[in-house]
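# Examination of the molecular architecture
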Amino acid sequence: RKGWVYLAWGQNLLGKGELGQAEAFINESIAIFEDPGNRWGVATAWEYLHLVYLARGKIEKAHDIINNALDLIKGYGLAVTEGILENGKARLLTEGKEYGTALDIILKSRSKLTTTKYNLFTNHLLAAKIFISLNQTRKAAEQMDTIFILSQSNDFNRFMVQQKEWLLPFFKTEVNTGTGLY
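Residues numbered from 1 in each chain as written. Predicted model: local features only at pLDDT ≥ 70, side-chain atom pairs only at ≥ 80, totals over all residues. Heavy atoms only, no water.

### Quick look at the overall build of the protein chain
Stated precisely, the cut-off is as follows: Secondary structure counts use DSSP, requiring at least four H or I residues in a row for a helix and at least two E residues in a row for a strand, with both numbered from the N terminus. Every radius of gyration here is taken over C-alpha atoms, with the globule rule written as 2.2 Å times N^0.38, N being the number of residues. For each residue, the accessible area found with a 1.4 Å probe, counting protein chains only, is set against the maximum for its type, and the residue is called buried under 20%, exposed over 50%, and partly exposed in between. Residues count as neighbours in contact if any of their non-hydrogen atoms are within 4.5 Å of one another. Only the protein chains shown count as cover for residues, and all accessible areas are computed by the Shrake-Rupley method using a 1.4 Å probe. Only four residue types enter the tally: Lys and Arg on the positive side, Asp and Glu on the negative side; His and the chain ends are excluded. By convention, the charge on Lys lies at NZ, on Arg at CZ, on Asp at CG and on Glu at CD.
Check the secondary structure of the protein chain and you find 10 helices and 0 strands. Beginning at the N terminus, the succession of helices and strands in the protein chain can be written as α-α-α-α-α-α-α-α-α-α. For a compact globule of 182 residues, the expected C-alpha radius of gyration is about 16 Å, and the protein chain comes in at 17 Å, within 12% of that figure. Along the first, second and third principal axes, the C-alpha atoms of the protein chain reach 60 × 35 × 30 Å. Within the protein chain, the fraction of its 182 residues that count as buried is 46%. Counting only contacts in the protein chain whose residues sit at least 6 apart along the sequence, the fraction spanning at least 24 positions is 53%. Here the protein chain displays about 9800 Å² of accessible surface, and carbon together with sulfur accounts for 51% of that area. Positive and negative charge centroids in the protein chain, built from 21 and 19 side chains respectively, lie 3 Å apart.

### A look at helix 3 (residues 39-55)
The criterion, for reference: In this scheme, a helix's expected span is set at 1.5 Å multiplied by one less than its residue total.
With 17 residues, helix 3 ought to run about 24 Å at 1.5 Å a step, and its terminal C-alpha atoms sit 24 Å apart, in line with that. The buried count for helix 3 comes to 12 of 17 residues, which makes it a mostly enclosed element. Every buried residue belonging to helix 3 is among Gly41, Val42, Ala43, Thr44, Ala45, Trp46, Glu47, Leu49, His50, Val52, Tyr53 and Leu54, and all of these are buried. Where helix 3 is buried, its residues contact helix 1 (2-15), helix 2 (19-34), helix 4 (59-73) and helix 5 (79-95).

### Quick look at helix 1
The test is simple: Working note: the arc is built from the helix axis to C-beta atom directions.
Compared with an ideal rise of 1.5 Å per residue, which puts 14 residues at 20 Å, helix 1 spans 20 Å between its outermost C-alpha atoms and is within 8% of the ideal. Of the positions making up helix 1, those classed as buried are Gly3, Leu7, Gly10, Leu13 and Leu14. End-on, the buried residues of helix 1 take up no more than an arc of 120°, which puts them together on one face. In helix 1, the exposed positions that point more than 90 degrees away from the buried face belong to Lys2, Val5, Asn12 and Gly15. Those residues of helix 1 hidden inside the fold are in contact with helix 2 and helix 3. Gly17 occupies a position one or two residues after helix 1 and carries a positive phi of about 80°.

### Looking at unusual backbone geometry
Backbone geometry at Lys97 places phi at a positive 60°, although glycine is not the residue there. Here Lys97 is to be found in the loop between helix 5 and helix 6 (99-109). We classify Lys97 as exposed; its relative accessible area is 61%. The backbone phi angle of Asn135 is positive, close to 60°, even though this residue is not glycine. Mapping Asn135 onto the fold places it in the loop between helix 7 (117-133) and helix 8 (137-154).

### Quick notes on the side chain of Thr122
Worth spelling out the cut-off: Two N or O atoms count as a polar contact when they lie within 3.5 Å, although within protein this holds only if one can serve as hydrogen donor and the other as acceptor, and sequence-adjacent residues are included solely when both atoms are side-chain atoms.
The topology assignment puts Thr122 in helix 7. For Thr122, a relative accessible area of 17% translates into the label buried. A polar contact of 3.4 Å, which involves the side chain of Thr122, links it to the side chain of Asn87.

### What to know about the pattern of salt bridges
The cut-off we apply is this: The rule for a salt bridge is simple: a side-chain nitrogen of Lys or Arg has to be within 4 Å of a carboxyl oxygen of Asp or Glu.
The final tally for this structure, using the stated rule, is 6 salt bridges. Among the ionic pairs, Lys16 bridges to Glu18, the shortest N-O distance being 3.5 Å. On the basis of relative accessibility, which here comes to 29%, the residue Glu18 falls in the partly exposed class. The salt bridge partner of Asp155 is Arg158, with a shortest N-O separation of 3.9 Å. What makes Asp155 exposed here is its relative accessible area of 51%.

### A few points about the nonpolar core
What counts here: Nonpolar cores were defined as sets of buried Ala, Val, Leu, Ile, Met, Phe, Trp, Tyr and Cys residues, with membership established by side-chain atoms within 4.5 Å.
Ile106, Phe121, Ile130, Met144 and Ile147 are the most contacted members of the largest nonpolar core, which totals 28 residues. Only helix 5, helix 6, helix 7, helix 8, helix 9 (157-161) and helix 10 (164-177) provide two or more residues apiece to this core. For this core, the element with the highest residue contribution is helix 7, accounting for 8 residues. One finds Ala43, Ile66, Leu72 and Leu92 within the second-largest nonpolar core, a separate group that totals 26 residues.

Function cannot be inferred from these measures alone, as they are strictly geometric.
Given below as structure tokens:
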């Protein structure tokens with residue numbers, strides 16, 4: 001249980017932008033999880049550690065961590081955790097403008113996320129962002145339909161606001177061009 005407490009503390013610090021302290025608590029949780037060989041705990045902690053490195057702009061290190069996490073749990077039947085980690089990997093690939101590979105991963109991981117509404121929501125958000133980047137507005141709009149349903153039924157609106165940098169230009173373009181999508 002102690003590892004999960006350290007991880008939760010690290011998550012909170014990450015959310016507050018206190019990256020150094022977040023990393024320290026996450027690393028402590030990793031050490032605790034590694035002792036008995038808790039692969040799920042280590043992989044989950046690595047998911048958050050990769051976010052620390054992403055926030056610092058250390059994309060390559062974030063890639064290494066997420067790939068290590070995926071390798072660690074491969075073949076252990078942790079499908080939801082795999083899907084969450086694949087979302088993270090696709091997010092990193094999107095940052096590097098590797099849209100085709102990111103889209104393949106994000107669509108493949110979706111079936112693993114049906115029991116975790118937030119991660120399914122973020123999966124659709126990332127897919128929409130990728131489709132917008134590929135100038136495939138109709139496919140982006142299809143993702144947005146699901147995003148709206150998940151957002152309204154699970155009170156995820158605050159997370160949509162965090163994506164306004166790319167959502168607002170998309171909606172403005174769609175309204176101004178009269179495509180009829182929105």
